[in-house]
Structures are given as C-alpha cells and as structure tokens.
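The lines below spell out each chain.
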Amino acid sequence: MKKKITALVLGAMLSVSAVALAATPEAEMMSTQQGKAAAWVDTMLVKNDPAATLKLMGAEAQKEIDVKKITAISQEMAKNMGKYKASRFVGWTRFDQGDQMMYLMSFEKEPVVRCVFLFDKDGNLQNFALSPLKQTEEKDNKKK
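These remarks concern the structure in this document. This is a predicted model, so every value here is computed, not measured.

A few words on the nonpolar core. Ranked by size, the top nonpolar core spans 24 residues in total, and within it Trp40, Leu45, Met105, Phe107, Phe117, Phe128 and Leu130 carry the most contacts. Those elements that provide at least two residues to this core are α2 (25-46), α5 (67-81), β2 (98-107), β3 (113-120) and β4 (125-132). The element contributing the most residues to this core is α2, with 5 residues. Not counting chain neighbours up to four residues away, the residues in contact with Phe107 comprise Leu45, Met81, Gly82, Lys83, Tyr84, Lys85, Val113 and Leu130.

This is the structure we're talking about:
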C-alpha cells in the first residue's frame, strides 16, 4: 500500500513540475529576442562592426538607417562613452505591437548606461537607444 501511495505522489509531483517548466510562447519569444540583443551587443560594442549590426535589425529598421548612419552612431557612442565593459539584463515588457528589452551597461566613461531594444510583434529588432544615467549626489537634508 505504501508503494502505491508513494508512486502516486511521485507521479503527481512529476506532472506538476512538467507543467511548470513548459515553455510558453512568451518565453520562446523572450529567449529569441535576448539572443538578438546579445548578438547586437557583440557586433556593435565588442567587435565594433556596425555593418554587421545593421544586418541583425528588421527590414523596417534597415529602410530607415543605412551603413553610414549606423557607423556614425557607433563612432559617437565610442567617443562619448568609451569602451564597453559589461551588461546586465534588467527587464522585458510585452506590448500589443511589440516588445521592449532593457539592459544596464557599463562603459569606460559612463559607469551606468540604460540600453533599450525595441522589437516588433514578430520579434525583429527595430530600434535601440543608449542613454547614460547620471548619478546625482544626494544632499544632506538634515540640519545639524
């Protein structure tokens, strides 16, 4: 009797864990978009190859930007922020017509930079934005 109960409990536990680990369409899309974001970081910031970065973007984005423009953006980023150091995933937001993925990055000249990737509803990278976050020193509000 104990063996049957143990087998039943074990079966129930396995079925619950299998359902909990099942990949949803959102999880698959997020994983795909993270791969594209990682490839963008690698080509644009690590390898400094803006032409290859342009190929990672969706067809609509490629109509709006050309190699000269993305090369100028890359040069401006290198001038203003310095060499890329590291990044960390912060969040993913799902919208009706697309998705937004955010990372915090670190550069030589800018220790904290927010990087936002915008994807269309099909998961194609449409745009990106890097904005340094300036840290302000808190003033001591306490009067001594």
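Strand pairing within a sheet occurs via backbone hydrogen bonds; the two strands may be parallel or antiparallel. The sheet built from 4 strands is open, its strands ordered β1-β2-β3-β4 with antiparallel pairing. A single partner strand is all that each edge strand has here, and the edge strands are β1 (84-94) and β4. Here the strands of the sheet are splayed against their neighbours by 20° on average, with no regard to which way each runs. Note that β3 and β4 share 7 bridges and pair antiparallel. Pairing of Val116 across the sheet is with Ala129, part of β4.

Consecutive side chains along a regular strand alternate between the two faces of the sheet. Here 9 bridges tie β1 to β2, and the two strands are oriented antiparallel to one another. Among the inter-strand pairings, Tyr84 is bridged to a residue of β2, identified as Phe107. Between β1 and β2, which follow one another and run antiparallel, lie 3 residues.

On to the pattern of salt bridges, then. Charged atoms that come close allow side chains of opposite charge to pair. Under the criterion given, the structure shown has 4 salt bridges. Lys47 is the partner of Asp42 in a salt bridge, and the nearest nitrogen-oxygen pair spans 3.2 Å. For Lys47, a relative accessible area of 54% corresponds to the exposed category. Two residues, Lys63 and Glu60, come together in a salt bridge whose shortest N-O distance is 3.4 Å. Residue Lys63 and its partner Glu60 are located together in helix α4 (residues 59-64), separated by 3 residues, close to a single helical turn. Using a relative accessible area of 63% as the deciding quantity, one classes Lys63 as exposed. Its relative accessible area of 47% is what places Glu60 among the partly exposed residues.

Let us look at the packing of aromatic side chains. Taken as a whole, this structure holds 5 aromatic pairs when the rule is applied. Summarising the aromatic geometry, the rings of Trp40 and Phe128 are spaced 4.7 Å apart at their centres and angled 50° between planes, so their arrangement reads as tilted. Remark: Phe128 occurs in strand β4 and Trp40 occurs in helix α2; sequence separation between them is 88 residues. Residues Trp40 and Phe128 agree in their burial class; the two are buried. With a centroid separation of 5.5 Å and an interplanar angle of 70°, the aromatic rings of Phe89 and Tyr103 are classed as edge-to-face. With Phe89 in strand β1 and Tyr103 in strand β2, this residue pair connects regions lying 14 residues apart in the sequence. Overall, Phe89 belongs to the partly exposed group, its relative accessible area being 29%.

What counts, and at which threshold
Residues numbered from 1 in each chain as written. Predicted model: local features only at pLDDT ≥ 70, side-chain atom pairs only at ≥ 80, totals over all residues. Heavy atoms only, no water. Core = buried A, V, L, I, M, F, W, Y, C linked by side-chain atoms within 4.5 Å. Buried < 20%, exposed > 50% of the residue type's maximum accessible area, 1.4 Å probe, protein only. Helix = DSSP H or I, 4+ residues; strand = E, 2+ residues; numbered from the N terminus. Contact = heavy atoms within 4.5 Å. Pairing = 2+ DSSP bridges. Axes fitted to C-alpha atoms, helices over the stretch in contact; angles between N-to-C directions. Salt bridge = Lys/Arg side-chain N within 4 Å of Asp/Glu carboxyl O. Phe/Tyr/Trp six-rings, centres within 6.5 Å; stacked < 30°, edge-to-face > 60°.

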